Each structure stands twice: as structure tokens, then as C-alpha cells.
Amino acid sequence: MNNVAWSACAADIPLTTPSLDSIGQLAPLLSAANTVKECHRLLKKAGINVVSELLKGQGNFYQLNHYPEGDVYDDETHSQYYYHNHRGVGGEHGHFHTFLRSASIPESITPMEGFMQSDSWPLGDDALAHFICISMDDEGFPIGLFATNRWVSGQTWYSAEDTIALLDSFYIDHAYPNLVVNQWISAMFVLFRPHIVALLEHRDKVVAFMKESNPEVDVLEDRSLDITGSFNITAEDWIAQLHHLSEKA
């Protein structure tokens, strides 16, 4: 795993891999690690994987189309995700976008102010918070996490602090398109929470830097800024580090 990743558009703002020493509560991460490992085991035993289950019965895999069609949405937790491809990044088959919709966003959490809003944001009942993207390889395993600018996902723009406060609300609690896949992506949010927090905090720093550097540009709609930061990840390596930390405790 890389120790430092950099934003392509704001290279002066480093994104540092979370330190094991900074992890407060280890137990939730270890529990999520067990879930992720078990999901991989169950899928492998059936000769399938996370990505193949999303694409099953969906016809041809077209760039930018959402898979499965209509997205995956939990009408109790109001969590949502979809999978697609468009980046042409080496080693990436596609990636997940992850969201929380308005019904699970407290009224105390409101969109950030101080931006041009040259393009309309979804508001009210249509509001949605975007968390991060999960990159997947051709074998259906996670290889990266990244955060994006507002225009990429068409999200309502909430601060990193408020978005982080919503992380625990993301959970897909049903069996479409596959129960194991939904358990897996829900557990990934816990297992890699330190990385997600770092990406969101870094995202806001990048946006603030770009806004100050180009005050005449609506930074949230600036097509030159799409990905604000990324990490390469290997679930097995991170899980091994967590277990090593637990043995030292």
C-alpha cells in the first residue's frame, strides 16, 4: 500500500495513509475484517466474485451504465450504490459509487455554503451524500479507494465533517443483487473507515485550495478536478496489519 498518494490537481496537499497508531477502536475493524474475508471465501467457493454478481443477467457491460440497472438501494437505511466503468485506469475493471439519501441525513446536516452553484445541486427530498468510490480489479477484488469532486457524482455538497458523521449509516440490509455482496460492501465501510475519513478530509482541503487559487471558477463544477485523492489498497495486507496490531495490544 502506498504511504503517500497525491491529488493530481493539488500536488502540494499530501494524502497520507492512516497510521495504525491512530486507530482508536480496533474491535469494529477486526469484526469487519472477518466479514470481508468470509464474503471472499463464500464467493470463491461458488466460483463467483463481487463484480460478477453485480453484472449477472445485466447483458453487455457498457461504460458509464449503472450496474445493476436501477442501482442498489435500501429503503430502510437509505443507502445506495452502483458499479460502473469509465476511467480507463490500468488494473481497474470498474468502481463503486456509494451514497446516503436524504431520508437518513439529519436536518442538522446542511449543504456547505460559499460556493457558486453554477449547476444545481439535489436538495430537499432529492439530496444525497456521496462517500467514496471503491476500485475493483478484473478478479473482483478491491484495489483502491478514491474521493471525487461534486460534479462527478452529482451529489449535494456536504462538508467532510458532516459526511464522516454519516458513515455509520451506510449499510445495505437485503439480498439484491446478492446478500454476500451487500454484506461485503457494508463491511468495507468499517474496515477501511480510517482511509475513508482521510480521503474526505483531504478532499475538502483540495477543494479549498483550488477555490482560493481560482476564485473565478466554480471549483465544484471544474472538469479539470475530478478525483481529489486516492489510495491503493489490498484488503489482505490491511487485515494482516490490523491483526498484528491486535496481537501487540
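Because the structure is predicted, anything quoted here is derived from the model rather than measured.

**So, helix α1 (residues 27-45)**
Consideration 1: With 19 residues, α1 should cover 27 Å at 1.5 Å per step; its first-to-last C-alpha distance of 27 Å lies within 8% of that length.
Consideration 2: Residues L29, L30, A32, A33, V36, C39, H40 and L43 constitute the buried set of α1.
Consideration 3: Those residues of α1 hidden inside the fold are in contact with α2 (50-55), β7 (142-148), α5 (179-191), α6 (193-213) and α7 (235-248).
Consideration 4: Two residues or fewer after α1 comes G47, characterised by a positive phi angle close to 75 degrees.

**Remarks on the pattern of salt bridges**
Consideration 1: Using the criterion set out here, one finds six salt bridges in the structure.
Consideration 2: Between E38 and R41 there is a salt bridge, with the nearest N and O atoms lying 2.7 Å from each other. Of this pair, E38 and R41 both sit in helix α1, separated by three residues, roughly a single helical turn.
Consideration 3: Judged by its relative accessible area of 35%, E38 is partly exposed.
Consideration 4: The exposure class assigned to R41 is partly exposed, which follows from its relative accessible area of 40%.
Consideration 5: Across the pair D204 and R203 runs a salt bridge whose closest N-O atoms are separated by 2.8 Å. Here D204 and R203 have matching classes, each one buried.
Consideration 6: A single network of salt bridges, built from pairs that share partners, joins R150, E221 and R223.

**What to know about the packing of α1 against α5**
Consideration 1: Put simply, α1 and α5 touch, their axes get as near as 8 Å, and they point 150 degrees apart. On the basis of their axis angle, the class for α1 and α5 is roughly antiparallel. Two packed elements cross with a definite hand, and for α1 against α5 that hand is left-handed. Contacts from P28, L29, A32, A33, T35, V36, C39, H40, L42 and L43 of α1 reach α5 at V180, Q183, W184, A187, M188, V190 and L191.

**Focus on unusual backbone geometry**
Consideration 1: Cis geometry marks the peptide bond from Y67 to P68; its omega dihedral reads -10 degrees.
Consideration 2: Cis geometry is found at the peptide bond from Y176 to P177, where omega equals 0 degrees.
Consideration 3: Within the secondary structure, P177 sits in the loop between α4 (160-165) and α5.
Consideration 4: Although it is not a glycine, D71 adopts a positive phi angle of roughly 70 degrees.
Consideration 5: With respect to the helices, strands and loops of the structure, D71 is situated in strand β3 (residues 67-73).
Consideration 6: Positive phi, normally seen in glycine, also occurs at H78, with a value near 65 degrees.
Consideration 7: Under the relative-accessibility criterion, H78 is labelled buried at 15%.

**What to know about the sheet that holds strand β5 (residues 94-101)**
Consideration 1: Strand order across the open sheet formed by six strands is β3-β4-β5-β6-β7-β8, with antiparallel pairing between neighbours. Lying at the two open borders of the sheet, with one neighbouring strand each, are β3 and β8 (227-232). Ignoring strand direction, the axes of neighbouring strands in this sheet form an average angle of 20 degrees.
Consideration 2: Note: strand β4 (residues 79-84) against β5, six bridges, orientation antiparallel. When the bridges of β5 are listed, H84 appears paired with H95.

**As for the packing of aromatic side chains**
Consideration 1: Counted by the stated rule, this structure contains eleven aromatic pairs.
Consideration 2: The interplanar angle of 80 degrees and the centroid separation of 6.0 Å between the aromatic rings of F131 and F170 together place this pair among those described as edge-to-face. With F131 in strand β6 (residues 128-136) and F170 in the loop between α4 and α5, this residue pair connects regions lying 39 residues apart in the sequence.
Consideration 3: Seen in terms of ring centroids, F131 and F189 are 5.4 Å apart; in terms of plane orientation they differ by 85 degrees. Their pairing is edge-to-face.

Reading guide: rules and limits
Residues numbered from 1 in each chain as written. Predicted model: local features only at pLDDT ≥ 70, side-chain atom pairs only at ≥ 80, totals over all residues. Heavy atoms only, no water. Helix = DSSP H or I, 4+ residues; strand = E, 2+ residues; numbered from the N terminus. Expected span 1.5 Å × (residues − 1). Buried < 20%, exposed > 50% of the residue type's maximum accessible area, 1.4 Å probe, protein only. Contact = heavy atoms within 4.5 Å. Salt bridge = Lys/Arg side-chain N within 4 Å of Asp/Glu carboxyl O. Axes fitted to C-alpha atoms, helices over the stretch in contact; angles between N-to-C directions. Parallel < 35°, antiparallel > 145°, perpendicular 65-115°, else oblique. Left-handed = near helix turned anticlockwise from the far one by under 90°. Pairing = 2+ DSSP bridges. Phe/Tyr/Trp six-rings, centres within 6.5 Å; stacked < 30°, edge-to-face > 60°.

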